[in-house]
Amino acid sequence: MAVSQSGITEVYERELAVRILEQPQDRTGDLVVMSGRDVVVGRTPEHHDLKALDGTLRSHGGRYEEMVPFIISHPLNKAVSNESGGDPRNFDIFDFT
């Protein structure tokens, strides 16, 4: 999708977002909107009609939130180390722990 809103870097329909961003389909909305490093999407809950949602409003930001440092006190076992490919993502922490 073309993006023309200042601060918005990417917009995907669900199926494409699930594939590109490796997100669970059952927890991904119809659209996924991602912002730049210094931009927050949305406002406080008082400014949203959350009754229209089946679940909760997920208001994360952009790809910059993927970069979460891991500090692990023990060496990874070979299977987990190979799976991470040297570039672990935030959701990989469950496998590591």
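The structure under discussion appears in the preceding block.
Overview of the structure. Small disclaimer: the values here were computed from a predicted structure and weren't measured. (Residues numbered from 1 in each chain as written. Predicted model: local features only at pLDDT ≥ 70, side-chain atom pairs only at ≥ 80, totals over all residues. Heavy atoms only, no water.)

Residue placement: Thr-28 occurs in the loop between helix H1 (14-21) and strand S2 (31-35). Judged by its relative accessible area of 9%, Thr-28 is buried. (Helix = DSSP H or I, 4+ residues; strand = E, 2+ residues; numbered from the N terminus. Buried < 20%, exposed > 50% of the residue type's maximum accessible area, 1.4 Å probe, protein only.)

Bringing the pattern of salt bridges into the picture now. Following the criterion strictly, the structure yields one salt bridge and no others. In this structure, the salt-bridge partner of Arg-14 is Asp-30, at a minimum N-O distance of 2.8 Å. Placement of Arg-14 in helix H1 and of Asp-30 in the loop between H1 and S2 is noted, with a sequence separation of 16 residues between them. (Salt bridge = Lys/Arg side-chain N within 4 Å of Asp/Glu carboxyl O.)

At Glu-22, a residue that is not glycine, the phi angle is positive and equals roughly 55 degrees. Mapped onto the elements of the fold, Glu-22 is located in the loop between H1 and S2.

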